[in-house]
Amino acid sequence: MMTTGAAIADWCARHHKTVTAIMLGITVVVGALAAVSSIWPDALPFLKPITVDTDPENMLSHDEPVRVFHDQMKAELGLHDMVVVGVVNEVHPDGVFNPESLRQVYELTEFAKTLQWEIDGQTEGVVEVDLIAPSTVDNIEQGGELGVVSFAWLMPETPETPEAARAIRDKAAQLPFLNGTLVSEDGRALALYLPLTRKDVSHRVYVALQEKIAEFGGDNEYHITGLPVAEDTFGVEMFIQMAISAPAAMLVIFLLMLVFFRKLVLVISPMIIAMVSVILTMGALIIAGFPVHIMSSMIPIFIMPIAVLDAVHILSEFFDRYQATRDRHKTIVHVVDALFMPMLYTSLTSAAGFASLALTPIPPVQVFGVFVAVGILSAWALTILFMPAYVMFIKPQTLEKFGAAQHDGEVHEAPGLIGRLLKRLGRLTYVQAKPILMLSVIVLIIAGYGISLIVINDNPVKWFTPTHPIRVADRVLNEHFGGTYMAYLALTAPKEEFDAGTLAADFEAAAAERGAELNDELPEAPAIFAELAQIAAESTQGVNSRDEAFERIAAAVNARLDTATGDAAYVWDEASLFVDQQRQANEVFKRPDVLAWVADLQRALQVTRIVGKSNSLSDLVKTVHRELLLGDEKEFRIPNTRDAVAQCLITYQNSHRADDLWHFVTPDYRKSSIWVQLTSGDNRDMSHVADAIDFWVGRNPPPAGLRHEWFGLTYINVVWQQKMVAGMLQAFAGSFLVVFLLMTILFRSTLWGLLSMVPLTVTIVAIYGAVGLVGKAYDMPVAVLSSLSLGLAVDFAIHFLARSRRFQTDRGSWKDTAPAVFGEPARAIVRNIVVIATGFTPLLLAPLVPYQTVGVLLATILLVSGAATLLILPALIRVLEKWLFAAERPAGVTCSCVTCLVAAVAGTLLIAISLQQYWQLGWTTMTIISLVAIPVFAVTCGLLSRRGACRVETPEIGETA
Amino acid sequence: MNTKLSIALLVGAVFLAQRVVADETPSVDEIVAKTNRVSYYQGADGRAQVSMKIVDDQGRERQRQMTILRRDVPKDGQAGDEHCGDQQFYVYFHRPADVNKMAFLVHKHLARDDDRWLYLPALDLVKRISAADKRTSFVGSHFYYEDVSGRHIDDDTHELVETTDNYYVLKNTPKEPKTVEFAYFKMWIHRKTFLVVKTEYYDGQDKKYRAYEAKKVDTIQGFPTVTQARMTDHRTGGFTDLEYKDVKYDVGLPEEIFTERYLRRAPREFLR
């Protein structure tokens, strides 16, 4: 009777034409559907065209609180993401403040104003009114005559003389919201800020600006940066990279396989499998309507090695065996039969490892995990089905000289260098088992120390290599300016629950007080103010909002005012004013104490040294106050009364850009935001600033019950990173458990299950230890690669252990088995390591750092997991031989009490981890549930293992558990 | 009736009508001069209670209430309505409460830059404000100073681009484009009253970005007067509504009110 694997291989080999036709058919259909729906979106109305999403913000789902808040505050304060154009002149003694440089700046500004496009019926692009440039901002200063305040454009036209050019610099340096923002503190550079209606036009703006700048001659250097540019440009370059890196990797893998197997016709098959898997997966992704995100763009790069891995196992085995029978059909059936189970399990575990990413709360990571899993499973199916069919297409003559020459049954002399080395390695692991294990433990301890050093950090600008124009711009501009990374600190007064009764009561108390105050001047005041309180109580009954309440009171008072005469008219006039004062009483951001606290908070920001500059409503008030009082530096302060603040603010609103005020405060004066410029976009630095402010606010309680909360792109990056780190960790723990469960079931033994987890564990610990020791930040690609190492390392372990067990059954002792395992199976592993590790070296040439990281880590993962498999596993088997092979019984998992219980506990933990992320249950609750669940499992397992079915199958072995 | 005769009469009538219309069409300069007078110089002086509602693109409203006093500076002792010369404005704020008593004084000069003073009661400060640039926001609204006090007719070249049933459409192009933010603006002038009912401002790309609209006209003391108006900023999507109440012409405002001294000591009797 044939096994499943052999039967499938046999059938496919027989019907090789049908199998191939079906595979090609499906591939063409999926590829065509994806392509047609993308190229002609209207042709297939039921399919969405391909959408590209390069926005890291989308690492968080749209309803994530921080994003909701970010969007809300941006809308309320009319803020936009900005492109920053820095202009530096290192040649001219006055820097950029010379007529020619400023002429270019003026021209570039005029050009930037026109950067708008019709997109989906909306005008998108640069927000002209909010553009910050010398010619678009106002200067407030003392006019020519003494005591005259002047609001005028900072640079209404290009200056004609060097003096006029320098004057622009000097004027801007006087204004806190321009100095360090528009004009660099060293007075040599300036920066234009181009707000965008939406982030995804930033690359278009970037390209247009560069074209314009190319027309300019002279000594000016232009640097374009800002997070939206970095993010959007990354997206564009990513797709260029995809078109280069992935094919280049394919080419290298192809050449390497050609070296190993020396048969072009055979080597093409893994290529076909990899290609078809990628087309199917990406096609499915597009057809399913998911956007291609930074994460999903990496799917091909993850699927390819795994697809090749399967095919190489088969090829390697086929290569080693073919000469024994010289029969394609027999050889391939035999090969597939031998590899069927290990391959099924390696694919299942890898797929499970990636699918577990679906448990992270990050949408793009979920999509990535699920589709890589789909890709792995389709690669497996293709390998099992298509490889036998493919082999049958090759003429026997072509295979004449194929494969290892010397064969005598199962034991063969290892051919070639790799074979000889592996043979020696096999012997070494047998003789030196204990030292090898000792060494491994030492490595693990060092790695553990390395892990403790890991710094979690990311910065989208650093996704570019140091020589990339965006990185250069980032460096140069942050040297000159207060920083080009924008974050905003929102300060919000607590929401007031409106209650007509409370309002009337408060109003009455205040009215009585005011009435008494006016008593001396106007004796009728107390009576009229008492009447006013009465009016307030009556007119606010049944009213639903504060605004409405005051509207009604004001209307009632104005009616009295119209009919009043004599002194009474004066008092009613005062009453009317009093009503409006009460209405304005909740405008907290006009309070001098609040503004003073904001100024102190800004100083605390400055102390972090990460914040180069911050702008707030306080700065604005102080500046206007100073200029109103003859520009005296001593008057650069918050005035003493609320009304004075209000009058400074209304003075400010007599400028060209009156609406700029509303970027700092909402018109109800209950929400404000501090514009914070950081010199670094590192998440670590942003977190540091946020922590410092939390600490400061803790010690300096805000007036008016203000709450502080961050928003802005730089902060959002921190939030999704934190989420990702935690999410990845849990997802990894989950996949670890899934793999362990599968292994325990595959080997029907806890011990073997644990053994198969060893290479994986060692690899992860070693890799992250190295990451920590080298000082590489734990960022997005590093986090995602843990899942890949899981897939690859467990693949090697399964092949190694499955074959070991099989050989052991035939040979009886590990001493005899080891050399066999270090034959074919070990060669397949080594070939895989070499092919894939080398295959991804083209990624190192990519100008995008995440791709380089993937390239380096991929190679490291393969090397380490290969080494762990070939060194530690045999050493462990040597040491544990007695227990590993002693009580072997081919019964079901449930027949061993221990195995069953361990599996059950692992399963419980898995569910607990998943639920914890979704329901946000505390671990305490989880522990209680587990405490109940585990005894239940124990009893169930005990009963199951003692059931009749187990006894019948394994009558000779008693329950040892 | 004889057909020939009636045709002749008809032709004659049409001819006559055309002549009359042609006669009635004044020159561009006449239109501009009349419009200027109707918009800013009706009566020897004037007073209005103005409420201002500033609305942004999110529908958030801010209110301001003020009294505006205007006095035409007479030429050779004559305060004739035909003379459109220098003017004086006194703007006194009532609301919001925190800017109560704040006041602006503007001396508008045709021959030189205006003089502008600002009184801030909370800082007890009278401040001269440079008025070199009149196209800045008037107290945070979408109206500019120039919209309140009037743009000098000699600053632009005027061109009659269209005459409709009701309106003369003038295109005004600045003589010094660098001093203003618009490339040109068009005015729709009512043919009978010479009131501006609509003004549209265009930028260098011929895009309309700002527009004024008279919403309501009342005849007060025989003068057709805009009593509700709106200025819209199409770039930001915000607008400001002005409402003129208790409009009065020829109040007899004394000259001395329009001096720095009266900023601190508001002329109460004229403000209520």
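If you're wondering where the values come from, they're calculated on a predicted model, not measured in any experiment.

Scoring rules and cut-offs
Residues numbered from 1 in each chain as written. Chains lettered and ligands numbered in written order. Predicted model: local features only at pLDDT ≥ 70, side-chain atom pairs only at ≥ 80, totals over all residues. Helix = DSSP H or I, 4+ residues; strand = E, 2+ residues; numbered from the N terminus. Buried ≥ 20, exposed ≤ 12 C-beta atoms within 10 Å, placed from the backbone. Contact = placed C-beta atoms within 7 Å. Pairing = 2+ DSSP bridges. Axes fitted to C-alpha atoms, helices over the stretch in contact; angles between N-to-C directions. Parallel < 35°, antiparallel > 145°, perpendicular 65-115°, else oblique. Left-handed = near helix turned anticlockwise from the far one by under 90°. pLDDT = per-residue confidence, 0-100. Nonpolar A, V, L, I, M, F, W, Y, C, P; charged D, E, K, R; others polar. Expected span 1.5 Å × (residues − 1). Bend = angle between axes of the 7 residues up to and from the residue.

Take the overall build of chain B next. Regarding its fold elements, chain B presents 5 helices and 13 strands. Residues classed as buried in chain B amount to 35% of the 272 residues present. Pairs at least 24 apart in sequence give 41% of the contacts found in chain B among residues at least 6 apart.

Time to look at the overall build of chain A. Of regular secondary structure, chain A possesses 31 helices and 13 strands. With respect to the principal axes defined by its C-alpha atoms, chain A has extents near 120 × 70 × 60 Å.

Let us look at the sheet that holds strand β12 (residues 671-678) of chain A. Residue and element names in this part refer to chain A. Pairing is antiparallel in the open sheet, where 4 strands are placed in the order β11-β12-β10-β13. Since the sheet does not close on itself, it has two edges, and those belong to β11 (611-615) and β13 (707-711), each with one partner. The sheet shows a mean angle of 25° between the axes of neighbouring strands, direction not considered. Where β11 meets β12, 4 bridges bridge the pair, whose relative direction is antiparallel. For Asn 615, the partnering residue across the bridge sits in β12 and is Trp 675.

What follows is about the packing of helix α10 (residues 328-355) of chain A against helix α25 (residues 780-811) of chain A. All names here are of chain A. For the pair α10 and α25, the least separation of the axes is 9 Å and the interaxial angle reads 160°. Comparing the axis directions of α10 and α25 gives the class roughly antiparallel. Where α10 crosses over α25, the handedness of that crossing is right-handed. Touching Met 341, Pro 342, Tyr 345, Thr 346, Thr 349, Ser 350, Gly 353 and Phe 354 of α10 are Ser 787, Leu 790, Gly 791, Val 794, Asp 795, Ile 798, His 799 and Ala 802, all from α25.

What follows covers the sheet that holds strand β7 (residues 189-195) of chain A. Think of a sheet as strands paired side by side through backbone hydrogen bonds, with each pair either parallel or antiparallel. All names here are of chain A. Strand order in this open sheet of 3 strands is β7-β2-β8, and the pairing throughout is antiparallel. Since the sheet does not close on itself, it has two edges, and those belong to β7 and β8 (221-225), each with one partner. Across the sheet, the mean angle from the axis of one strand to that of its neighbour is 20°, orientation sign disregarded. Relative to β7, strand β2 (residues 82-88) runs antiparallel, the two being bridged by 7 bridges. Opposite Val 83, over in β7, you have Leu 194 as the bridge partner. Strand contacts of helix α4 (residues 99-113): β2 and β7, with the helix running at about 5° to β7, the strand carrying the most contacts.

This part is about the environment of A:Pro228. Residues and elements named next belong to chain A. With respect to the element layout, Pro 228 can be found in helix α7 (residues 227-261). Here Pro 228 falls in the buried class, since 28 other C-beta atoms lie within 10 Å of it. Measuring from C-alpha to C-alpha, the distance between Pro 228 and Leu 713 comes to 8.4 Å, with 485 residues separating the pair along the chain.

On to the confidence of the model for chain B. Averaged over every residue, the pLDDT of chain B is 87; residues scoring 70 or more account for 88%. Note that pLDDT drops below 50 for residues 14-22 of chain B; the model gives that stretch 0 contacts with residues more than four away or on any other chain.

Each side of the interface is counted separately: chain B has 28 residues, and chain A has 34 residues. For the side of chain B that touches chain A, the element with the highest residue contribution is strand β6 (residues 125-129) of chain B, accounting for 4 residues. Its residues assigned to classes, the side of chain B that touches chain A comprises 12 nonpolar, 7 polar and 9 charged.

As a further point, take helix α11 (residues 363-393) of chain A. All names here are of chain A. With 31 residues, α11 should cover 45 Å at 1.5 Å per step; its first-to-last C-alpha distance of 43 Å lies within 8% of that length. If you look at α11, its biggest bend is around 35°, right at Phe 386, and the proline Pro 388 turns up within four residues after that. Most of α11 sits inside the fold, with 25 of its 31 residues counted as buried.

Right, let's get into α4(A). Three- or four-residue spacings in an α-helix give side chains the same orientation, since the helix completes a turn every 3.6 residues. Between its terminal C-alpha atoms α4(A) stretches 21 Å, which fits the 21 Å expected from 15 residues at 1.5 Å a residue. Against the buried residues of α4(A) lie β2, α5 (162-174), β7 and α6 (202-215) of chain A.

Further remarks concern the packing of helix α13 (residues 433-452) of chain A against helix α24 (residues 750-774) of chain A. Residue and element names in this part refer to chain A. Direction vectors running N to C along α13 and α24 enclose 50°, while the axes themselves pass 7 Å from each other. Accordingly, the angle class assigned to the pair α13 and α24 is oblique. Crossing hand, α13 versus α24: left-handed. Residue-level contacts link Ser 440, Val 443, Leu 444, Ile 446, Ala 447, Gly 448, Gly 450, Ile 451 and Ser 452 of α13 to Val 762, Val 765, Ala 766, Tyr 768, Gly 769, Ala 770, Gly 772 and Leu 773 of α24. Its residues assigned to classes, the contact of α13 with α24 shows 11 nonpolar, 6 polar and no charged.

Before going further, it helps to examine the pairing of strand β5 (residues 115-120) of chain B. Residue and element names in this part refer to chain B. β5 sits mainly inside the fold: 5 of its 6 residues count as buried. Two successive antiparallel strands, strand β4 (residues 103-108) and β5, enclose a turn made up of 6 residues. Pairing of β5 with β6, which is carried by 5 bridges, proceeds in the antiparallel orientation. Residue pairing for β6: Trp 117 is matched across the bridge by Arg 128. Between β5 and β6, which pair antiparallel and follow one another directly, the connecting turn spans 4 residues, one of which, Asp 124, has a positive phi of 45°.

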